[in-house]
Amino acid sequence: MCGIVGYIGTQAATEILLSGLEKLEYRGYDSAGIATILSDELNCVRAKGKLHNLRSKIEQSENPAPIGIGHTRWATHGKPEERNAHPHMDMAMRIAVVQNGIVENYRELREQLKTQGHEFVSETDTEVIPHLIAQFLKEEVALADDNSDVIFFEAVRKAVNELQGAFAIAVICADYPDELIAVRQQAPLVIGFGQGEFFCASDTPAIIAHTRAVLPLDNGEMARLTPLGVEVYNFAGLRQRKHVRMLSLSPTMVEKQGFKHFMLKEIYEQPGVVRACLDAYFSSEGDGADSLINLGLSESVYADLEQIQIVACGTSWHAALIGKYLLEQLAGVPTQVQYASEFRYAPAPLIPNTLTIGVTQSGETADTLAALSMEKERRQGLEPKYQVRLLGITNRPESSLGHMVPHIINTLAGIEIGVAATKTFTAQLMAFYALALDLAERRKILPQENLAEIIAGLRHIPKEIESTLETQEKLTEHLAHEFAETQDFIFLGRGINFPIALEGALKLKEISYIHAEGYPAGEMKHGPIALLDAKVPVVAIATPGSVYEKVISNAQEAKARDSRLIGVTPVNHGEAADVFNDMIPVTEVDELLSPLLTVVPMQLLAYHIAARRGLDVDQPRNLAKSVTVE
Ligand code: M6R
């Protein structure tokens, strides 16, 4: 939530900041603002709403300032109004601050600062920061000798030590026009290194057009950026040794490449994502003698496993539900899936030899990180069999999750810009297939030929997605035309496809703002069937396997209540053609692998309905791509 960017160098900062913010807009788009310093004067421009509002405010003026900070906001404290937009300033309007996160003790700090004569103009937690820095700056200036070049840095450092919460901050001051201070405390922040110019940003797409050399700050670290270089310190003021690394991301990966929306592009990238996961997780030679799976996880992750617990949110939680199915059915390990936000406050009783998995595409979701760190804490100091074992499944191994857990499965989907998760979900499923098979193999639960058969089936998936994508797209576009004004949708699935029904409903809700619910098909008769009539269409996922006939019967029960039935199903199988009013074809594959195919029409249906309604598919209202607040 919220994206921040900073620049110091020789070029005009404004355009660099604005184009950086464009790439961060997925993190929030309630308001945007930038502050720059030119001729020792601070110039701050802010605008409510999306970035284009800020751009049109700025474009009328030329500003060659070589230093600046910018922000795109997802509102937490205070409405999305201009006065609450970042950057926030001190009373003298010399210091400007942008923040991503929450300062939890801002009320106390605000009261204390008020007694010292500070007046506030916004409702935000962030505004206390420039005021606090101004207060410390006064003291530093009074104490410092003429040669001190760390006055501003020290004032920021002292202020930061007063803050509680999770935040990333960038600060500039008109009295120190050659310094930009960047701070990280449990919210992502990366420093970028160019030729005589330096950047900071919440995420790498904001700076990839300028540099691939980056240094992600760790929690409790702050960087001093000057035109001469970057110094990193901890909050106690001790210099830290850090290593710059090169990003594999390229600038074209964050472009739409001819697609109307990022979401559609990302849906179409799924065959490639599955191929990347297959190449990384499975050996190319399936000779049966050696392990077929290359997750690189040490035996200590798996030894004497009694249970697995998975914490996640949103779409990642849906992927985890499929993960549970696979881990239990293939590897025979009892598995629980918890909403991270619930687990934090009501954890399940401690069970020995438990593997805890955090699933988060961004690796920055506050609830998931907090659930994992709570698990770590409560197992600390216990006898060995109770000690914590953490594994992360993420698309961003460089994220906070990557720093927190010792083992990672990298989901290799490439950067996902659309707020609605699509290709990263599919990649998470691939990670779970690999994990469940790895475990099954190590526990000698699955005969080698079954294992090889499943992997062979997985290898066909990219081709199967490719061959149906275009047909599915045409059909879902056609359905979108008919259902664009529908108010309620029901999605039904059973067994391994129940989470796909949940995912179909979530996709539709978040980008089209249509009310939708996903149910296990057999549960309809226990209440929700009362919702059905001719105005409520039902999407049923009916794939051959253990529950096919059951889903068909449940669909017929819905049809008997006048619901229009849309089947996501192999067209030539069983009774499908007689039951469904409309069919979106999926290829017939092993039931176990079917979610990799059934999810695609769910994504396309939601996409086309939202696009038909003229909505902002990639940046739906009220949402942000990474939810870094509780
Ligand atoms: O980055 P994470 O996977 O932890 O994000 C979790 C959810 O916030 C995320 O899946 C959200 O539900 C998406 N908008 C779904 O499309």
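The rules behind each value
- Residues numbered from 1 in each chain as written.
- Predicted model: local features only at pLDDT ≥ 70, side-chain atom pairs only at ≥ 80, totals over all residues.
- Heavy atoms only, no water.
- Helix = DSSP H or I, 4+ residues; strand = E, 2+ residues; numbered from the N terminus.
- Rg over C-alpha atoms; globule rule 2.2 N^0.38 Å.
- Buried < 20%, exposed > 50% of the residue type's maximum accessible area, 1.4 Å probe, protein only.
- Contact = heavy atoms within 4.5 Å.
- Areas by Shrake-Rupley, 256 points an atom, 1.4 Å probe, with all protein chains shown as cover.
- Disulfide = S-S within 2.5 Å.
- Pairing = 2+ DSSP bridges.
- Axes fitted to C-alpha atoms, helices over the stretch in contact; angles between N-to-C directions.
- Expected span 1.5 Å × (residues − 1).
- Phe/Tyr/Trp six-rings, centres within 6.5 Å; stacked < 30°, edge-to-face > 60°.
- Lys NZ or Arg CZ within 6 Å of the ring centre and 35° of its normal.

**Focus on the overall build of the chain**
Point 1. For the chain, the count of helices and strands is 18 helices and 24 strands.
Point 2. Radius of gyration (C-alpha) of the chain: 26 Å, near the 25 Å computed for a compact globule of 630 residues.
Point 3. Reported as C-alpha extents along the three principal axes, the dimensions of the chain are approximately 85 × 55 × 45 Å.
Point 4. Residue burial in the chain is summarised as follows: out of 630 residues, 61% are buried.
Point 5. Nonlocal contacts in the chain, meaning residues at least 24 apart in sequence, comprise 71% of its contacts between residues at least 6 apart.
Point 6. In the form shown here, the chain has an accessible surface area of approximately 24100 Å², with 49% of it arising from carbon and sulfur atoms.

**Description of the state of the cysteines**
Point 1. Considering all chains together, one arrives at zero disulfides under this definition.
Point 2. The thiol sulfur of cysteine 44 is not disulfide-bonded, and the nearest other cysteine sulfur, from cysteine 173, lies at 13 Å.
Point 3. You can call cysteine 44 partly exposed: its relative accessible area is 23%.

**So, the sheet that holds strand β24 (residues 582-585)**
Point 1. Spatially, β21-β20-β22-β23-β24 is the arrangement adopted by the five strands of the open sheet, whose pairing is parallel. Across the chains shown, the open sheet's two edge strands, defined by having one partner strand only, are β21 (515-520) and β24. With strand direction ignored, the average angle separating the axes of adjacent strands in the sheet is 20 degrees.
Point 2. Pairing of strand β20 (residues 488-493) with β21, which is carried by six bridges, proceeds in the parallel orientation. Each residue of the ladder has a partner; that of phenylalanine 489, found in β21, is alanine 516.

**Some words on helix α5 (residues 151-162)**
Point 1. The end-to-end C-alpha distance of α5 is 17 Å, a good match for the 16 Å that 12 residues give at a rise of 1.5 Å each.
Point 2. With respect to burial, α5 is a largely interior element, nine of its 12 residues being buried.
Point 3. Residues of α5 that are buried include every one of Ile151, Phe152, Phe153, Glu154, Ala155, Val156, Arg157, Ala159 and Val160, and no others.
Point 4. Where α5 is buried, its residues contact α4 (128-143), β7 (165-173), β8 (176-185), β12 (221-226) and β13 (229-234).

**Considerations on the side chain of histidine 608**
Point 1. Its place among the elements puts histidine 608 in helix α18 (residues 595-612).
Point 2. Using a relative accessible area of 8% as the deciding quantity, one classes histidine 608 as buried.
Point 3. What histidine 608 contacts, discounting residues up to four positions off in sequence, is Glu473, Thr476, Glu477 and Ala480.

**Structural notes on the sheet that holds strand β14 (residues 245-246)**
Point 1. Spatial strand order, β3-β2-β4-β1-β10-β9-β11-β14: eight strands in an open sheet with antiparallel pairing. Both outer strands of the open sheet, β3 (41-48) and β14, are each paired with one neighbouring strand and no more.
Point 2. For strand β11 (residues 213-216) and β14, the ladder comprises two bridges, and the chain directions are antiparallel. Looking across to β14, one finds that alanine 213 is bridged to methionine 246.
Point 3. Relative to strand β1 (residues 3-8), helix α1 (residues 13-24) is tilted by about 155 degrees, and along the sheet it contacts β1, β2 (31-38), β4 (67-73) and β10 (198-201).
Point 4. Docked against the sheet, helix α2 (residues 51-58) engages β2 and β3, running at close to 135 degrees with respect to β3.

**Examining the packing of aromatic side chains**
Each aromatic ring pair is described using two quantities: the centre-to-centre distance and the angle formed by the ring planes.
Point 1. One pass over the structure, following the stated rule, counts eight aromatic pairs.
Point 2. Plain terms: the ring middles of phenylalanine 153 and tyrosine 233 are 4.7 Å apart, the flat faces sit at 50 degrees to each other, and that makes the pair tilted. Taken together, the positions of phenylalanine 153 in helix α5 and tyrosine 233 in strand β13 put the pair 80 residues apart, joining distant regions of the chain. The exposure classification of phenylalanine 153 matches that of tyrosine 233, with both residues buried.
Point 3. What links up through ring pairs into an aromatic cluster is the set Phe483, Phe489 and Phe491.
Point 4. Stacked on the ring of tyrosine 29, the Lys or Arg lysine 50 has its end atom at 4.8 Å from the ring centre.

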